[in-house]
Amino acid sequence: MTHVIELTGAARRYAAAGAPALGPLDLTVAEGEALAVTGPSGSGKSTLLNLVAGLDRPSEGGVTVAGTRLDGLGEHALARFRRERIGMVFQFFNLLDDLTVADNIRLPAQLGGTGRRAATARAEELMERLGIARHARAHPGQLSGGERQRVAVARALVNRPALLLADEPTGALDRAAGEQVRELLTELHRDGQTLVLVTHDLELARACASRTVVLIDGRLAQDTQGTRSEAVR
Ligand code: ADP
């Protein structure tokens, strides 16, 4: 089985003394899994997401994502890895309001060296698929929260990432828009996209995730797959 994520004894300390904020942790995520990461505030969810995204490096242990060993990479190589292999969706969308919807979606492709014509075709395909084609020339500020999050998902998918990471993707949305984003992520999972969702939204975890882990004080307190619930330590 191909693992998209493989953490071996990975830990992150923010201070030399004291317990690590995360780990040491062993965790593998297979291709096509949709993993929800839950747990109380301060339990290490963002720290884990940052390690997997290549935004941060572990203090000890190994982090391999999509076949690339990240813990030894320098800033430049990490940035390139993120651009080529990772899609990220945030609670507050993080779109560029000076650009149109189409340009926001196209930008990561062009930054990655895809030509304008191919990037435009890919953006159009995604806008059609996500139901936002009619907003192509609008600016994100003119759209509803739910529409903005669909633009953010399209942008995250433009380079066909090995891994889509979402940090509280429904956290800033009203009920109906949250439901649409849940459905969209569930559909992406069904299509085979490997997903990691950090969320307090239990409905999102239930609807979309094939597996849920609970972090407590930086440790894996629970790892539930399908209908099987398994307490870890
Ligand atoms: P969560 O995302 O579950 O709320 P975090 O990963 O943000 O948890 O934080 C885990 C622990 O690490 C917390 O105790 C937090 O205070 C600490 N922490 C997170 N980021 C930093 C940082 N940049 N510097 C120092 N401590 C941090």
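What counts, and where the lines are drawn
- Residues numbered from 1 in each chain as written.
- Predicted model: local features only at pLDDT ≥ 70, side-chain atom pairs only at ≥ 80, totals over all residues.
- Heavy atoms only, no water.
- Near = heavy atom within 4 Å.
- Polar contact = N/O pair within 3.5 Å; in protein donor to acceptor, adjacent residues only side chain to side chain.
- Areas by Shrake-Rupley, 256 points an atom, 1.4 Å probe, with all protein chains shown as cover.
- Core = buried A, V, L, I, M, F, W, Y, C linked by side-chain atoms within 4.5 Å.
- Buried < 20%, exposed > 50% of the residue type's maximum accessible area, 1.4 Å probe, protein only.
- Helix = DSSP H or I, 4+ residues; strand = E, 2+ residues; numbered from the N terminus.
- Contact = heavy atoms within 4.5 Å.
- Expected span 1.5 Å × (residues − 1).
- Patch = residues over 30% accessible without salt bridge, like charges linked within 9 Å, V, L, I, M, F, W, Y side chains within 5 Å.
- Salt bridge = Lys/Arg side-chain N within 4 Å of Asp/Glu carboxyl O.
- Axes fitted to C-alpha atoms, helices over the stretch in contact; angles between N-to-C directions.
- Parallel < 35°, antiparallel > 145°, perpendicular 65-115°, else oblique.
- Left-handed = near helix turned anticlockwise from the far one by under 90°.
- Nonpolar A, V, L, I, M, F, W, Y, C, P; charged D, E, K, R; others polar.

Can you help me understand the site of the ligand in this one?
All residues in the neighbourhood of the ligand are listed as Tyr14, Ala21, Pro40, Ser41, Gly42, Ser43, Gly44, Lys45, Ser46 and Thr47. Interatomic distance of 3.1 Å between a backbone N/O atom of serine 43 and an oxygen atom of the ligand. Residue glycine 44 places a main-chain N or O atom 3.1 Å away from an oxygen atom belonging to the ligand. Contact with the protein chains hides 52% of the accessible area of the ligand, taken as 560 Å² for the molecule alone.

Whenever I open this one, the nonpolar core confuses me. Can you help?
Nonpolar side chains tend toward joint burial in soluble globular proteins. Judged by nonpolar contacts, the single largest core of 36 residues is most densely connected at Ile105, Met127, Leu164 and Leu185. Secondary-structure elements contributing two or more residues to this core are helix H3 (101-111), helix H4 (116-129), helix H5 (145-157), strand E7 (163-167), helix H6 (175-190), strand E8 (195-198) and helix H7 (202-208). If sequence neighbours within four positions are ignored, leucine 164 has contacts with Gly87, Met88, Val89, Ala156, Leu157, Leu185, Leu188, Gln193, Thr194, Leu195 and Val196.

How should I be thinking about the side chain of glutamine 193 in this particular structure?
When you line up the elements, glutamine 193 lands in the loop between H6 and E8. Polar contacts involving the side chain of glutamine 193 include one to the main-chain carbonyl oxygen of proline 161, which spans 3.2 Å. In contact with glutamine 193, other than residues within four places in its own chain, are Gly32, Glu33, Leu157, Pro161, Ala162, Leu163, Leu164 and Leu188.

Explain H6 to me, please; I cannot follow it from the model alone.
Every α-helix winds through 3.6 residues per turn, so residues three or four apart in the chain are directed the same way. Relative to the 22 Å expected for 16 residues at 1.5 Å per residue, H6 spans 22 Å between its end C-alpha atoms, a close match to the ideal helical length. Those residues of H6 not exposed but buried are Ala177, Gly178, Val181, Arg182, Leu184, Leu185, Thr186, Leu188 and His189. Looking at the buried residues of H6, the elements they touch are strand E3 (34-38), H4, H5, E7, E8 and H7. With a side-chain oxygen lying 3.3 Å from the backbone nitrogen of alanine 176, the N-terminal cap of H6 falls on aspartate 174.

I tried to follow a nonpolar patch on the surface on my own but got confused; where do I start?
A cluster of nonpolar side chains, contributed by Leu96, Leu107 and Leu111, occupies part of the molecular surface with about 260 Å² of accessible area. By relative accessible area, leucine 107 is classed as partly exposed at 31%.

Teacher, can you tell me more about unusual backbone geometry here?
If a residue is not glycine, its phi is most likely negative; likewise, a peptide bond is most likely trans. Residue glycine 23 is joined to proline 24 through a cis peptide bond whose omega torsion reads 0°. In this structure, alanine 66 is a non-glycine residue whose phi angle is positive, near 50°. Here alanine 66 lies in the loop between strand E4 (60-65) and strand E5 (68-69).

For this particular structure, what's the right way to read the packing of H5 against H6?
A packed helix pair is summarised by two numbers, namely the angle formed by the two axes and the spacing between the axes. Taken N-terminus to C-terminus, the directions of H5 and H6 make an angle of 20°; their axes are 9 Å apart at the nearest point. Taken together, the axes of H5 and H6 are roughly parallel relative to one another. Where H5 crosses over H6, the two elements pack in a sense that is right-handed. Residues Gly146, Gln149, Arg150, Val153 and Leu157 of H5 pack against Ala177, Gln180, Val181, Leu184 and Leu188 of H6. Looking at the contact of H5 with H6, its residues break down into six nonpolar, three polar and one charged.

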